[in-house]
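# Residue-level structural notes
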Amino acid sequence: MSSSLQNLLDNNRSWAERMERERPGFFSRLAHQQTPKYLWIGCSDSRVPANEITGLDPGEVFVHRNVANVVVHSDLNALSVIQFAVDHLKVEHIMVVGHYGCGGVLAALRGTRVGLADNWLRHVHDVKLRHRRRIDHLTVAEQEDVLCEMNVIEQVGNVALSNVMQDAWSRGQNVSVHGWCYGLKDGLVKDLGVSMQGQSEVVNVFRNALKRYPRGI
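Notes on the structure follow. Because the structure is a prediction, the values reported are computed rather than measured.

## Side note on the overall build of the protein
Along the backbone of the protein there are 10 helices and 5 strands. The C-alpha atoms of the protein give a radius of gyration of 19 Å, which matches the 17 Å a tight globule of 217 residues would have. With respect to the principal axes defined by its C-alpha atoms, the protein has extents near 60 × 50 × 30 Å. The buried share of the protein, reckoned over its 217 residues, is 44%. Look at the contacts in the protein between residues 6 or more apart in sequence, and 63% of them connect residues 24 or more apart. As presented, the protein carries roughly 11,900 Å² of accessible surface, and 52% of it is formed by carbon and sulfur atoms.

## Examining the sheet that holds strand β2 (residues 61-66)
Taken in spatial order, the 5 strands line up as β2-β1-β3-β4-β5 in an open sheet, and their pairing is mixed. Where the open sheet ends on each side, the last strands, each with one partner, are β2 and β5 (189-191). Averaged over all pairs of adjacent strands, the angle between strand axes in this sheet comes to 25°, irrespective of strand direction. Relative to β5, strand β4 (residues 176-182) runs antiparallel, the two being bridged by 3 bridges. For Tyr182, the partnering residue across the bridge sits in β5 and is Val189.

## Remarks on the nonpolar core
Counting residues in hydrophobic clusters, the biggest one holds 50 residues, and the most contacted among them are Leu39, Ile82, Ile94 and Val159. Here this core takes 9 residues from helix α8 (residues 140-161), the largest share from any one element. Those residues within four positions of Val159 in sequence are excluded, and the remaining contacts are Ile41, Val71, Ile82, Ile94, Val96, Met165 and Val177. Residues Trp40, Ala50, Val61 and Tyr182 belong to the second largest nonpolar core, which totals 8 residues.

The rules we used
- Residues numbered from 1 in each chain as written.
- Predicted model: local features only at pLDDT ≥ 70, side-chain atom pairs only at ≥ 80, totals over all residues.
- Heavy atoms only, no water.
- Helix = DSSP H or I, 4+ residues; strand = E, 2+ residues; numbered from the N terminus.
- Rg over C-alpha atoms; globule rule 2.2 N^0.38 Å.
- Buried < 20%, exposed > 50% of the residue type's maximum accessible area, 1.4 Å probe, protein only.
- Contact = heavy atoms within 4.5 Å.
- Areas by Shrake-Rupley, 256 points an atom, 1.4 Å probe, with all protein chains shown as cover.
- Pairing = 2+ DSSP bridges.
- Axes fitted to C-alpha atoms, helices over the stretch in contact; angles between N-to-C directions.
- Core = buried A, V, L, I, M, F, W, Y, C linked by side-chain atoms within 4.5 Å.

So this is what it looks like as structure tokens:
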């Protein structure tokens, strides 16, 4: 085994021993329950770890990650995670979390070819085209940040309109969807103000969120 992998195993052993020493019984309790209140749908970027950013322990947040935190109605992977989290784990909050400087979003914005992932990033490219009048007149730096935010807003809408969420809200389940964007430069999360708690809120929340990005002349 390479020394780098052995280092990971050594780190794991040290971490497990420290956790058990500081919080006796932690792993035995964790092994017998998984009752997170939160589902985090985020980017696969290694710099955006859900537990560390939110200060949560293992077992407190259910996580799904992919390139550019995209949720589309043809992705059975993401939809299965949402369904399991909502129907079985009974999470109360779903956070779609993008981050500024996202490589996938920047590739879609700049038209950069990255390979097979280009097909996946078409979803982000579609967001750019759909809202180009709100983006094209901005400076390059502003375009990058705004498209990261708009991509999150669009994905929040996709989660809210999924049959899983629509069914959950129809039966009165207490679960809401939120959109956040994480700053790599300062470690802070920005709430994008697109929280949705029921079917009746989706259209107005989505429309009002987009109004914060004025169209160019």
